[in-house]
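Residue-level structure breakdown
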Amino acid sequence: MYRFLLTPRWWGINVFVVLAIPFCVFMGSWQLGRFEDRVQDHESAKEQVKEQADAEHGPGRPLASLLPVDKDTSGEQATVTGRYGKQLLVPDRELDDKNGFYVLTLLRTDGGKSLPVVRGWLPGPASAAKAPAAPRGEVTVTGALQASESPGANGVSAAGGLPRGQLGAISSASLVNLVPDDLYDAWITLGKGDAGMKAVPATAPNNTGLDLKAFQNLGYTGEWFVFAGFVLFMWFRLFRREAEFARDARLGLLPEPESARAGADGEKGGTGENAEGEPGKPVEA
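What you are looking at is a predicted structure, and each value in this text was computed from that prediction instead of being measured.

1. Here we look at the pattern of salt bridges
Applying the stated rule across the entire model yields 5 salt bridges. Between R108 and D181 there is a salt bridge whose closest N-O contact spans 3.8 Å. One end of the pair, R108, is in strand β3 (residues 98-109); the other, D181, is in the loop between α2 (172-175) and β6 (182-183), and 73 residues separate them in sequence. On the accessibility criterion, R108 (44% relative accessible area) is partly exposed.

2. Focus on the nonpolar core
Core analysis: the largest hydrophobic core is formed by 17 residues, its most contacted members being Y84, V141, L145 and I188. Mapped onto this core, the elements with two or more residues apiece are β2 (77-95), β4 (113-123), β5 (138-146) and β7 (187-190). Discounting chain neighbours no more than four positions away, the residues touching L145 are L63, L66, L67, V69, T73, S74, G75, E76, A78, A186, W187 and I188. Core analysis: the second largest hydrophobic core is formed by 15 residues, V90, L95, Y102 and V200 among them.

3. Some points on the side chain of S114
Position of S114 among the secondary structure elements: in strand β4. A residue is classified by how much of its surface remains accessible, and S114, at 0% relative accessible area, is buried. Separated by 2.7 Å, the side chains of S114 and D181 make a polar contact. When sequence neighbours within four positions are dropped, the list of residues in contact with S114 reads L106, L107, R108, D181, D182, L183 and Y184.

4. With respect to the environment of A173
By secondary structure assignment, the location of A173 is in helix α2. For A173 and L183, which are 10 residues apart along the polypeptide, the C-alpha to C-alpha distance reads 9.3 Å.

5. Quick word on the environment of P91
With respect to the element layout, P91 can be found in strand β2. For the pair P91 and S127, spaced 36 residues apart in the sequence, the C-alpha separation amounts to 8.9 Å. Sequence-distant contacts of P91, defined by excluding residues within four places in its chain, comprise G100, F101, A126, L162, Q166 and L167.

6. Concerning the side chain of Q31
Among the secondary structure elements, Q31 is positioned in helix α1 (residues 8-54). Under the relative-accessibility criterion, Q31 is labelled buried at 8%. A polar contact of 2.8 Å, which involves the side chain of Q31, links it to the side chain of N217. Here Q31 is in contact with N217, Y220, T221 and W224, once residues within four sequence places are set aside.

7. Quick word on the pairing of β2
Where strand β1 (residues 61-62) lies against β2, 2 bridges are found, and the strand directions are parallel. In the sheet register, P62 faces β2, and the bridge partner there is T79. Where β2 lies against β5, 7 bridges are found, and the strand directions are antiparallel. Its bridge partner lying in β5, G82 is registered against V139. As paired strands, β2 and β3 are joined by 10 bridges and run antiparallel to one another. By the bridge assignment, V90 is partnered in β3 with Y102. Here β2 folds back onto β3 in antiparallel fashion, the turn holding 2 residues, of which D96 has a positive phi close to 55°.

8. Details of a nonpolar patch on the surface
Among the surface-exposed residues, L6, W11, V15, V18 and L19 lie close enough to one another that they form a single nonpolar patch of about 570 Å² accessible area. Relative to the assigned elements, L19 resides in helix α1.

9. What to know about unusual backbone geometry
Here the residue pair L67 and P68 is connected by a cis peptide bond, since its omega of -5° sits within 30 degrees of zero. Here P68 shows up in the loop between β1 and β2. The phi dihedral of D97 falls on the positive side, at around 65°, and the residue is not glycine. Assignment of secondary structure puts D97 in the loop between β2 and β3. Of note in the backbone geometry, A195 takes a positive phi value of approximately 55° without being a glycine. Secondary-structure assignment places A195 in the loop between β7 and α3 (212-251).

10. A closer look at the environment of R247
By the secondary structure assignment, R247 is in helix α3. What makes R247 partly exposed here is its relative accessible area of 36%. Residues R247 and Y2, spaced 245 residues apart in sequence, show a C-alpha to C-alpha distance of 9.3 Å.

The rules behind these values
- Residue positions within a chain follow its written sequence, with the count starting from 1.
- At least 70 in pLDDT is required for a residue's local features to be given in this predicted model, at least 80 for side-chain atom pairs to be given and counted, and no such filter applies to totals for whole chains, interfaces and linings, which use all residues.
- Side-chain figures throughout are based on the complete set of non-hydrogen atoms in the structure, without hydrogens or water.
- The salt bridge definition used is simple: a Lys or Arg side-chain nitrogen within 4 Å of an Asp or Glu carboxyl oxygen.
- Only DSSP runs of H or I reaching four residues or more are called helices, and only runs of E reaching two or more are called strands; each is numbered from the N terminus.
- Here's how the labels work: a residue is buried when its accessible area is under 20% of the maximum for its type, exposed when over 50%, partly exposed in between, all with a 1.4 Å probe on protein chains only.
- Only buried residues count toward a nonpolar core, which is a set of Ala, Val, Leu, Ile, Met, Phe, Trp, Tyr and Cys residues joined through side-chain atoms within 4.5 Å.
- Every residue pair with non-hydrogen atoms within 4.5 Å of one another is taken to be in contact.
- We call two N or O atoms a polar contact when they sit within 3.5 Å, provided that within protein one can donate a hydrogen and the other can accept it, with sequence-adjacent residues counted only if both atoms are side-chain atoms.
- The pairing criterion for strands is at least two bridges between them, as found by DSSP.
- By definition, no residue in a patch forms a salt bridge, and every one has over 30% relative accessible area; like charges are joined within 9 Å, nonpolar side chains (Val, Leu, Ile, Met, Phe, Trp, Tyr) within 5 Å.
- What sets the accessible areas is the Shrake-Rupley method with a 1.4 Å probe; for residues, cover comes only from the shown protein chains.

Read these as spatial facts, not as claims about activity.
Printed below as a string of structure tokens:
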């Protein structure tokens, strides 16, 4: 009854199924592993930020020893000496569920490069009149080291056309169009707000949170397992239809093929009967 399984057609179907299902399961498991890795990175980053927040009042490390910024150095306390220069505002930043803006001042170091320093946060619309002036003279500041922001990530505004003296993302790519300074590809946020401003807490490094990519991995996991189930379902459906066809053929329940019926009609027409079923006259030569 199941001899059809030995036909070349079914050999091809079976080989495809045997290869497709393990492949789908493997890819689903791999995507699930990627999601779990991102969750682990998220938890590790949260723990790292917490530990660094607890140690924010301790001595910082020299800035040069922490660059370039990566997952290990992001959030570390960095110490740098220089003189404050140009001041900018970063609007539309939330803190404690309130909308406000960051006050960012460039710190020109002895090496000639400038480091963006977020001195604090103030509530309300961005206003240069509300932002306190930076201290004069040489200063030594300590704050949490942060990587350059990407527009549209982690709540960073991607809007353009900001007023003069404002920027959307804290990054060297954004600042290079606003200031002539040679810039570090990093920034720091002070552990204690300057001039009565509220301190801006450090954030976890990029690509360590439960962002869109993490949930894409979870969605792909479901898709691959659904594909595996679909392949198995289609194989079973084809198998059942073929088995029913073989059973009907064995019991003689299949309809007579069109070719067989046409041949029978031809033989009947050869008796010389006319359209009324009566014997026809011989055809004259």
